Amino acid sequence: MAGQGDEASRNLTGVWSGRYFYPRELAPVSFVATLIETATRLMGTTHEPVGPTAGAVRYATLQGQRAGNAVSFIKTYDDTGSNVHPIDYSGILNGDATEIEGIWRIHENWSGKFLMIRSPGKVAAIARKVAERV
């Protein structure tokens, strides 16, 4: 019998570890996202390492929505530089609500894949799992 506990476990609120991949031979980038889901709305933040400088971090805000297992959000970096564009993410939530896999896109001409996992035991498997799917 499905109850409130089942619905609560499918709520996306929490800390997610992820990676996004470029369409070319650029190295993938790991990130941490904190999501808050209220009804069908999503909001949150991300932080990710920047360049070769140890300890340099880039922050962004997330605004989006969820409809069933379809998840979408726009990531906007906090930087104010001229090369900073909002990034559209759209993905599919798996059955136990522990993974979101999909595509990121900038201006319809630059895109790549992403994978987010919220179970700490699965974080180490992100690269391996994506490599199997690619």
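Above this text is the structure in question.
### Re the sheet that holds strand S7 (residues 99-106)
Part 1 of the argument: If you walk around this closed barrel you meet the eight strands as S1-S2-S3-S4-S5-S6-S7-S8, and the pairing is antiparallel. Strand-to-strand twist of the sheet, defined as the mean angle between neighbouring strand axes without regard to direction, takes the value 30 degrees.
Part 2 of the argument: The sheet contact formed by S7 and strand S8 (residues 110-117) spans eight bridges and is antiparallel. Opposite Glu-101, over in S8, you have Leu-115 as the bridge partner.

### Quick look at the side chain of Lys-75
Part 1 of the argument: Structurally, Lys-75 can be placed in strand S5 (residues 70-77).
Part 2 of the argument: What makes Lys-75 buried here is its relative accessible area of 2%.
Part 3 of the argument: Within polar-contact distance, the side chain of Lys-75 engages the side chain of Glu-48 at 3.3 Å.
Part 4 of the argument: A distance of 3.0 Å separates polar atoms of two side chains, one belonging to Lys-75 and the other to Tyr-89.
Part 5 of the argument: Ignoring any residue separated from it by four or fewer positions in sequence, one finds Lys-75 in contact with Tyr-20, Thr-46, Glu-48, Ala-60, Thr-61, Leu-62, His-85, Pro-86, Ile-87 and Tyr-89.

### Comments concerning the nonpolar core
Part 1 of the argument: Ranked by internal contacts, the top residues of the largest apolar core, which has 22 residues, are Leu-12, Trp-16, Tyr-20, Ile-100 and Met-116.
Part 2 of the argument: Contributing elements (two or more residues each) for this core: strand S1 (14-20), strand S2 (29-38), strand S4 (57-67), S5, strand S6 (87-93), S7 and S8.
Part 3 of the argument: The element that contributes the greatest number of residues to this core is S2, accounting for four residues.
Part 4 of the argument: Once residues lying within four places of it in the same chain are set aside, the contact partners of Trp-16 are Phe-31, Val-32, Ala-33, Leu-35, Leu-93, Ala-97, Thr-98, Glu-99, Ile-100, Met-116, Ile-117 and Arg-118.

What counts, and where the lines are drawn
- Residues numbered from 1 in each chain as written.
- Predicted model: local features only at pLDDT ≥ 70, side-chain atom pairs only at ≥ 80, totals over all residues.
- Heavy atoms only, no water.
- Pairing = 2+ DSSP bridges.
- Helix = DSSP H or I, 4+ residues; strand = E, 2+ residues; numbered from the N terminus.
- Axes fitted to C-alpha atoms, helices over the stretch in contact; angles between N-to-C directions.
- Buried < 20%, exposed > 50% of the residue type's maximum accessible area, 1.4 Å probe, protein only.
- Polar contact = N/O pair within 3.5 Å; in protein donor to acceptor, adjacent residues only side chain to side chain.
- Contact = heavy atoms within 4.5 Å.
- Core = buried A, V, L, I, M, F, W, Y, C linked by side-chain atoms within 4.5 Å.

Fair warning: the whole summary comes from geometry, so function is off the table for now.
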